[in-house]
Structure formats: C-alpha cells, structure tokens
There are 2 protein chains.
Amino acid sequence: MRRGRAPGPKRQQNETRILKAAEEVFATAGFSGARTAAIAKRAGVPKANLHYYFGTKEVLYRRVLENILEVWLHLGDSIRPDADPAQALAAYVAAKIGFSRRRPHASKVFANELLHGAPQIRGYLRQELKRWVDAKSKVIDAWVAQGLLAPVPAKHLFFLIWAMTQTYADFDLQIAAVLGRKRIAPADYQDAAALITRLLIGLKVPP
Amino acid sequence: MRRGRAPGPKRQQNETRILKAAEEVFATAGFSGARTAAIAKRAGVPKANLHYYFGTKEVLYRRVLENILEVWLHLGDSIRPDADPAQALAAYVAAKIGFSRRRPHASKVFANELLHGAPQIRGYLRQELKRWVDAKSKVIDAWVAQGLLAPVPAKHLFFLIWAMTQTYADFDLQIAAVLGRKRIAPADYQDAAALITRLLIGLKVPP
DNA sequence: GTCTATATATCGATAGAC
DNA sequence: GTCTATCGATATATAGAC
C-alpha cells in the first residue's frame, strides 16, 4: 500500500532508538571505538537492521552529529542587542550548563569530533558557527559601545563560556573524581553556573 | 657485553621517537583510532620494533599518558599560601595556556582519555589529582579567610581554569575556524590568557 | 637486537532465507 | 521489511630468519 514514501511507525521507532543508542555509544567510545554491534544491541535491534536503515556506520554517525548541531545554535537566543548584558549572559550560561546536564552524551560526541580533526563538521564550523559567533560578537561590541560592558574580545569570551559550561559534561569523570563522588550531582551544576556567571558579571561596568 | 641492564643508546633514542610519535597519533586519532603502523611509520622504525619495545599498543598508550601526568601537577607551583592571589592565579593561567600552546598533543590525549571513561587514569584522578586539588583549595580558602579573595567554591574554580586554558589545545580547530584562521596564532593564546586572568581578577577583593 | 613475512582476531558490511 | 549466517577487509601481534 504505502509505496515506500512515508516510513512505517515501526521503522521510525527503530530509527529513533538506534540514534539514541548510537549517541551513547559514540560518546563513550568515540567513532572508531564504537561497535555497530554494541549500538544495535543497546537499541534492541539486529545489527543488519542498522545497516539497512542507515547504510554505513559513518552515515549513522553523521546523523547523530546533525541532531546535535541543530540544537546547539539556538541556546544563545538570549543574547540580543536590547537585552541586559548580565541577564543575557546568565541566561546563556544557564542554557549551556543545562544542556550539559541533560544531554552529556551529545556534548561528548561533539567534543570527540572536534578533538580528532572535525572531519565531519568542518563546514559547520566555518559557516554556520562562524556566522553565529560573528553576529553575537556584534551584540557584545554594541554593549561595550553603550558602556554597559568593559571592553572585551568578544569571540574569546564565547570560547571561554563554551569551555566552562561544556567541561561539566565532557570531563564529568574528572570533576566527580576530584569532588570525591561517583557522579556529578545537580547541585554541582548549580554551583558551576553560579560561579561562571559571577566571573562574567565581573565584566559589567557599574552604573 | 652489556647484560641487558641499561638500554643501549639506539634503543633509548628509538623509544623516545616512538613515544613522541605515539603522542601525536593518539592525539589525532584516539586510542582505538590510532594504528600502530602509523606510529611506527612516523617514528621511522619497523612496526615489529614497537611491539618489541613496548609489548602491546595499550602499554605504549599508558606510557604516553604517564609522561603527560608527570608534568601536569607541577604547573600549579605558583599557588602557595604566601603568594599574592592575583599574581599566583595569573602565573597558573600563563603556565596552563603555555602548556596548551607548546604541547597540544599531550592535552588532547588526556582529554580523549577523560572523554571515554578514563579507563587508564581512574586511580590518578581519585588519588594524586584529588589530593592536589584538596591541597590547592586550602590555599584558596586561606586567601578568602584573609580577605584577599571573595568567597568562592575553590574546586570549581580549578575546574573552570582547566576548562578555559585547555580548550585552546583540545578544541583548537573550532577556535581557528571561528576566528577565520587556518590555525591558532601565538597572539590568540596571549589574548586568551589575558581575558582568563581578567575574569579571575574580578574575584579579588579591592584593598 | 632488528626486521620481514605471516598468523589470528575482530568488525563492518552483505547475501539470501523468510 | 526483517533477520541469521557469513564474507572480506583490516589491524594487532608474533614467529622465525638474519
């Protein structure tokens, strides 16, 4: 009946399960360390299905990455020219830390991709991400021009915010070990967000 | 003549070359993505030599990691109770950023190990590193008690300093792409160190 | 100690039955 | 569309000549 157009509900469910499983396995093992057998097992489907749906391991990996990049850029929506700098930056930090807490696997897949030469997302970095940072940096510069913020190299400010917020997902094991815990607790993310925000507020020029 | 005690000079030279090559290959490919053939080729030795010297790929990897961890903990020597907080933190940031610039491969190997469950350095994280942070945090707390620094969760402060300084090694490709460069320039590291230091100085209590 | 040539294992991918 | 059984490629590790 269905002439191969819209995928059946079972296939759609399976694809979603596979993508979720793949994100977890790619996060903990990296691309080359990930085993398609492990992904299939975790998703609860036969390994052949995975290849039938996605073709190759690399295509599946790209799909996982695309899902992540889609969310990424929208986390900075609070940074607008008419917003209050302190509030906007605090909201951005909260959004980024929240993403690290809710989707640590996504952050790790992205980190791993970057770490190993970004073979799949070169274009994204040079196009979409660069444009995003260029635009947001103009907002920061405008705040500086208005005397709301001390002069600051805007792009580096974003690099540091990314680093500080993502470290709680990417290097959670190190943080947990140093804190003497088995894993990071919700309160730790709050402490982190508060401290990061405090550091950034130091750039604010008092009225 | 030599009854197998001290290794000959050629062997020592080869081991050094292999370790250097291994650090580079592990950094760009991760443990599972690294090929022993690639390491041997880059080191200029036959692949069988590599196994003769180190036994297995995993042992070689551990040796690379040990070399890195050895340097790590000494970078914080400026953080002492009798030091000036602002100067000590600035020196620590400079040391960490300098390490990221001089030995980006080392930083990436470490990041990759952390990212993927830290199977080889669990003990290091829970023992040496935890003790280091516990000790340095007491220094920070003492500065706070003396009214030199605003109250701050000391351990999180270290997590953030690590994140900010290492991001310029680990995610250099992202930074270069956003800056519209092929690679990060020396001036970028200076800009980074200056901004990180400024953020931290914001914690200083004015005299 | 060094190196070439090869064994053994693992994993991504697919053929073919249902 | 789904799944079992298997192929072929690739990579670690080693045997054995020099």
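Each value, and the rule that gives it
Residues numbered from 1 in each chain as written. Chains lettered and ligands numbered in written order. Predicted model: local features only at pLDDT ≥ 70, side-chain atom pairs only at ≥ 80, totals over all residues. Heavy atoms only, no water. Contact = heavy atoms within 4.5 Å. Buried area = accessible area lost by both parts, 1.4 Å probe. Salt bridge = Lys/Arg side-chain N within 4 Å of Asp/Glu carboxyl O. Polar contact = N/O pair within 3.5 Å; in protein donor to acceptor, adjacent residues only side chain to side chain. Helix = DSSP H or I, 4+ residues; strand = E, 2+ residues; numbered from the N terminus. Near = heavy atom within 4 Å. Nonpolar A, V, L, I, M, F, W, Y, C, P; charged D, E, K, R; others polar. Axes fitted to C-alpha atoms, helices over the stretch in contact; angles between N-to-C directions. Parallel < 35°, antiparallel > 145°, perpendicular 65-115°, else oblique. Left-handed = near helix turned anticlockwise from the far one by under 90°.

If you look at the interface, chain B gives 53 residues, while chain A gives 53 residues. Interface area for chain B against chain A, summed over the two sides, is near 4,700 Å², with a carbon-plus-sulfur share of 71%. In terms of surface lost to chain A, no three residues of chain B exceed Leu115(B), Gln174(B) and Val178(B), which account for 15% of the buried area on that side. For the pair chain B and chain A, the interface holds zero salt bridges. Counting across the chain B and chain A interface gives 10 residue pairs in polar contact (both at pLDDT 80 or more). If you list the elements that add at least two residues to the side of chain B that touches chain A, you get α1 (9–33), α6 (104–115), α7 (122–145), α8 (154–170), α9 (172–179) and α10 (186–201) of chain B. Element by element, the count of residues in the side of chain B that touches chain A is highest for α8(B), at 11 residues.

Neighbouring DNA strand D are 15 residues; Asn49(A), Tyr53(A), Thr36(B), Lys47(B) and Lys57(B) lie closest to it. Of everything in DNA strand D that lies within 4 Å of the protein, sugar and phosphate atoms constitute 64%. Breaking the surface near DNA strand D down by element, the ones donating at least two residues are α1 (9–33) and α3 (47–54) of chain A together with α3 (47–54) of chain B. The element contributing the most residues to the surface near DNA strand D is α3(A), with four residues. Residue composition of the surface near DNA strand D, grouped by class: six nonpolar, four polar and five charged.

Around DNA strand C, the surrounding shell holds 13 residues, and the nearest of these are Ala34(A), Arg35(A), Thr36(A), Lys47(A) and Lys57(A). With respect to DNA strand C, the side chain of His51(A) contributes an N or O atom lying 3.1 Å from a phosphate oxygen. Separating a phosphate oxygen of DNA strand C from a backbone N or O atom of Lys57(A) is a distance of 2.9 Å. The set of elements that each furnish at least two residues to the surface near DNA strand C consists of α3 of chain A together with α3 of chain B. Looking at the surface near DNA strand C element by element, the count peaks at four residues for α3(B).

Between two packed helices, both the angle of their axes relative to each other and the distance between the axes serve to describe the pair. Between helix α8 (residues 154–170) of chain A and α9(B), whose axes approach to 11 Å, the crossing angle comes to 155°. With respect to α9(B), the axis of α8(A) lies roughly antiparallel. Read as a crossing pair, α8(A) and α9(B) show a hand that is right-handed. Residue-level inspection shows Lys155(A), Phe159(A) and Trp162(A) of α8(A) in contact with α9(B), the latter providing Gln174(B), Ile175(B), Val178(B) and Leu179(B). Looking at the contact of α8(A) with α9(B), its residues break down into five nonpolar, one polar and one charged.

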